[in-house]
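An overview of the molecular structure
In case you want the letters, here they are:
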Amino acid sequence: MAEQTTFPESTGTPGALPAGPPGEPGPAAEDRPDKPDAAVVRDALGVGVAVGLSGFAFGVTSAGSGLSLLQTCVLSLLVFTGASQFALVGALAAGGNPYTAAAGAFFLGIRNAFYGLRLSQLLALPRAVRPFAAHWVIDESTAVTLPQPTRRAARIGFTVTGLTLYVLWNLTTLVGALGAEALGDTDAWGLDAASPAVFLALLAPMLRSTVERVTAALAVVLALTLLPVLPAGVPVLLSALAAPVVLFLTGRAKGAADGSDGEAGAGEHSERDKAQGIDDDHANVVERKKRGERSV
């Protein structure tokens, strides 16, 4: 029971995705040509396979932190947010409080809810499918879906990325957890950095504006500064404060700039009024002289 996938005529090509959020400019539909299904599948498979293989690193790290094989596999099956999973097992391995570790993982994974708000509009999936699709709303599926030019391409990209990544991530998690004993000291391999490195590689190209780059940089500085002095998992929570801080400073800077422009505009307006007044006085003098000459 498929839903209608075309947009109103005012949006351009039938089936094309909106150019951007309401009120924001974006490329016209004719500037975003259709993308072949094979190209979408290729891109989605590339991301799904590349990131899915890093589940091996999670399996090894989780087993090395003391979680059982069952706990490790259940985490990947039910949580399925790589960065949050690494944050959880990393905090536990560092001796952090389980509740603090879980809170850090939760707040790190809550970003997927905001992805879902955008993807729900683009994909417009049937209601019966949405609960299952929500489980695949992660960084990688979002990164593949958003750039697609049509709803069909977006659905293909989302489905292929989500399915490929989910299957591979869970298979490699199992393999990693089973092979953790053969690797010996898992900390020496540095495998816990694999998933965050992949996440940063996907995130970096999406930081296009100065505000986004400054926010990300400040979050990194906060996390690294607080890491030695706070319990494991807490620095991740506090690094989120970078967003409101940057937004506040940006708002103040914008307000100051608007105020300066207003004062400059008022000054220019005053000068124009003064010049206009001088011209009016001169015109009045000339008019009075003409009247005097006519009366004589």
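Scroll up to find the structure.
Residues numbered from 1 in each chain as written. Predicted model: local features only at pLDDT ≥ 70, side-chain atom pairs only at ≥ 80, totals over all residues. Heavy atoms only, no water.

What follows concerns the nonpolar core. In this structure, Phe58, Leu75, Phe80, Leu123 and Phe158 are the most contacted members of the largest nonpolar core, which totals 31 residues. Of all elements in the fold, only helix 1 (37-52), helix 2 (55-64), helix 4 (82-93), helix 5 (98-109), helix 6 (111-123) and helix 9 (151-178) reach the threshold of two or more residues within this core. The element contributing the most residues to this core is helix 9, with 8 residues. Discounting residues that sit within four places of it in the chain, Phe58 has contacts with Thr72, Leu75, Ser76, Gln85, Phe86, Val89, Trp169 and Thr173. (Core = buried A, V, L, I, M, F, W, Y, C linked by side-chain atoms within 4.5 Å. Buried < 20%, exposed > 50% of the residue type's maximum accessible area, 1.4 Å probe, protein only. Helix = DSSP H or I, 4+ residues; strand = E, 2+ residues; numbered from the N terminus. Contact = heavy atoms within 4.5 Å.)

Time to look at the packing of aromatic side chains. Tallied over the full model, the rule gives 5 aromatic pairs. An angle of 75° between the planes, with centres 5.6 Å apart, marks the rings of Phe58 and Phe86 as edge-to-face. In this pair, Phe58 sits in helix 2 while Phe86 sits in helix 4, placing the two residues 28 residues apart along the sequence. The pair Phe58 / Phe86 is uniform in exposure class, with both members buried. When the ring of Trp136 is compared with that of Tyr166, the centres are 6.4 Å apart and the planes differ by 45°; the resulting orientation is tilted. (Phe/Tyr/Trp six-rings, centres within 6.5 Å; stacked < 30°, edge-to-face > 60°.)

The backbone of Phe80 sits at a positive phi, close to 50°, despite the residue not being glycine. One can find Phe80 in the loop between helix 3 (69-79) and helix 4. At Ala124, a position not held by glycine, the phi torsion is positive, near 50°. Tracing the backbone through its elements, the reader meets Ala124 in the loop between helix 6 and helix 7 (130-134). Note on Ala124: relative accessible area 12%, which makes it buried.

The next point concerns the layout of surface pockets. If you add up the space inside the second largest pocket, you get close to 280 Å³. Considering the residues around the second largest pocket, the lining is formed by 18 residues, among which Gly116, Arg130, Ala133, Ala134 and Val137 are closest to the centre. Counting residues per element, the ones that place at least two in the lining of the second largest pocket are helix 6 and helix 7. In terms of residues, the lining of the second largest pocket owes the most to one element, helix 6, which gives 6 residues. Counted by class, the lining of the second largest pocket contains 12 nonpolar, 5 polar and 1 charged residues. (1 Å grid on protein atoms, 1.4 Å probe; cavity = no way out; pocket = protein on both sides within 12 Å on 5 of 7 lines; lining within 4 Å. Points joined across faces, edges and corners; volume = space filled by probe spheres on them. Nonpolar A, V, L, I, M, F, W, Y, C, P; charged D, E, K, R; others polar.)

Turning to helix 4, a few remarks are in order. Helix length check: helix 4, at 12 residues, gives a terminal C-alpha distance of 16 Å against a target of 16 Å (1.5 Å per residue), a fit within 8%. By the burial criterion, the buried members of helix 4 are Gly82, Ala83, Ser84, Gln85, Phe86, Leu88, Val89 and Ala91. Positioned one or two residues after helix 4, Gly95 has a phi angle of 90°, which is positive. (Expected span 1.5 Å × (residues − 1).)

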